[in-house]
Amino acid sequence: MRSRRRRHPLLVTALLCAPAVLAAGPTAATGDADSSGGVGAEVVRLYEEASVATQRYEAGRREADEQRGRAQRLERLLDRERRDIAVLHGDLGRIARAQYRTGGGLPHTVQLLLADSPEELMRGQRAVWQADLAVDNAVTKSRRAESRLAADESKAASAWQVLERRNDELAGIRRGIERKLAEAQGTLQGQADASAAAGACRGSVRLDQPEEAFTQPWIPPVETYGLSAGFGSGGERWASRHTGQDFAVDIGTPVRSVGRGRVVKVSCGGPFGMEVVVRHEGGYYTQYAHLAAVTVDQGERVSTGQWVGQSGTTGNSTGPHLHFEVRLTPQSGSGVDPREWLAERGVRL
């Protein structure tokens, strides 16, 4: 199935989920809430650091592209300067040859002895003076051009070295953050798998969500995504038709409530793995499944855009993604097309 992306795509594989026909029954959350956020908060922080590092790297890359354009223009200027120097050198050669042919290199005493008349002597001296002036001007121009060429070449080489070092440093920073992020994602998913296998949640993870006031009442469940399996699609992964819309996102991506409502279910076992179900005004329910962490408690009221969990690959899942459903009841089997439902509310995926 073709994948569509919104905003900047994450480096993820658009994998599909495989829920069974019936969802798992409600499972009570156990354990105290993790107020610090733990590894889930670390994943979110590393996402932000990776985003900042990537933005800095891209800014450096754009600056390098601009510098490349400036350097190319400078190279064209250097080529013209080299051609001008060649012309000046040619002029010097012609002047020297002309002086040799006209005796311009003879001492004034010899010219005086050889002159037939004072007028001829004056003409010869004037010609020698003009030739000397032309030589001096040509030599001065040549030296200035050569000095300017050397300075421009040094400036261009230095600029390239600075940009290369900067981009290498930024690339190293980004690689380091990505390594840390992969380790934290692995830990987060490992904890989630243990909870899903036990059929009991460890408790909600409270993350420091950025302050963001949404003016629209409905939004997509994740900020950055690629669309993979859609509602009603078929295949070997499902016992029947696909019951929701899949969003291809990496482990630990914050999952948002698409609208305000109340959490009616937090479950950590069964084919959907970790899941959250929210009831909205009008009697509709939204489900967020295959999570790696939940950030809300059953019975809690949520606002539009509030984080309800972090994406993962728990339950019957072949890879990291969010399985999102819109239902007429809290239970599986009453789903409607999420894309059409969101489109009716002004959200186009």
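In the block above lies the structure referred to throughout.
Residues numbered from 1 in each chain as written. Predicted model: local features only at pLDDT ≥ 70, side-chain atom pairs only at ≥ 80, totals over all residues. Heavy atoms only, no water.

Visitor: Which parts of the structure should I look at to understand the state of the cysteines?
Guide: Here, the word disulfide means a covalent bond between the sulfur atoms of two cysteines. Within the structure shown, the criterion is met by one disulfide. Covalent S-S linkage joins Cys-201 and Cys-268, the inter-sulfur distance amounting to 1.6 Å. One disulfide, between Cys-201 and Cys-268, carries an S-S torsion of 100° and so falls in the right-handed class. Placement of the pair is Cys-201 in the loop between helix 3 (118-198) and strand 2 (225-227) and Cys-268 in the loop between strand 5 (261-267) and strand 6 (274-280), with a sequence separation of 67 residues. Each member of the pair, Cys-201 together with Cys-268, is buried. (Disulfide = S-S within 2.5 Å. Helix = DSSP H or I, 4+ residues; strand = E, 2+ residues; numbered from the N terminus. Buried < 20%, exposed > 50% of the residue type's maximum accessible area, 1.4 Å probe, protein only.)

Visitor: Whenever I open this one, the pattern of salt bridges confuses me. Can you help?
Guide: Where side chains of opposite charge bring their charged atoms close, a pairing between them can arise. One pass over the structure, following the stated rule, counts six salt bridges. In this structure, the salt-bridge partner of Arg-45 is Glu-42, at a minimum N-O distance of 2.6 Å. With a gap of three residues between them, Arg-45 and Glu-42 both fall in helix 1 (residues 38-102), about one helical turn apart. Overall, Glu-42 belongs to the partly exposed group, its relative accessible area being 29%. A salt bridge links Glu-325 to Arg-327; the nearest nitrogen and oxygen atoms lie 2.8 Å apart. Neither residue differs from the other here; Glu-325 and Arg-327 are each classed as buried. Residues joined in a network through salt bridges with shared partners are Glu-42, Arg-45 and Glu-49. (Salt bridge = Lys/Arg side-chain N within 4 Å of Asp/Glu carboxyl O.)

Visitor: Honestly, the nonpolar core in this entry has me stumped. Any pointers?
Guide: As a rule of thumb, soluble globular proteins bury nonpolar side chains together. With 46 residues, the main nonpolar core has Phe-247, Val-276, Tyr-288, Leu-322 and Phe-324 as its most contacted residues. Those residues in contact with Phe-247 that lie beyond four places of it in its chain are Pro-221, Val-222, Tyr-225, Gly-226, Leu-227, Ser-228, His-321, Leu-322, Phe-324 and Leu-349. Residues Leu-74, Ala-145, Leu-149 and Ala-156 belong to the second largest nonpolar core, which totals six residues. (Core = buried A, V, L, I, M, F, W, Y, C linked by side-chain atoms within 4.5 Å. Contact = heavy atoms within 4.5 Å.)

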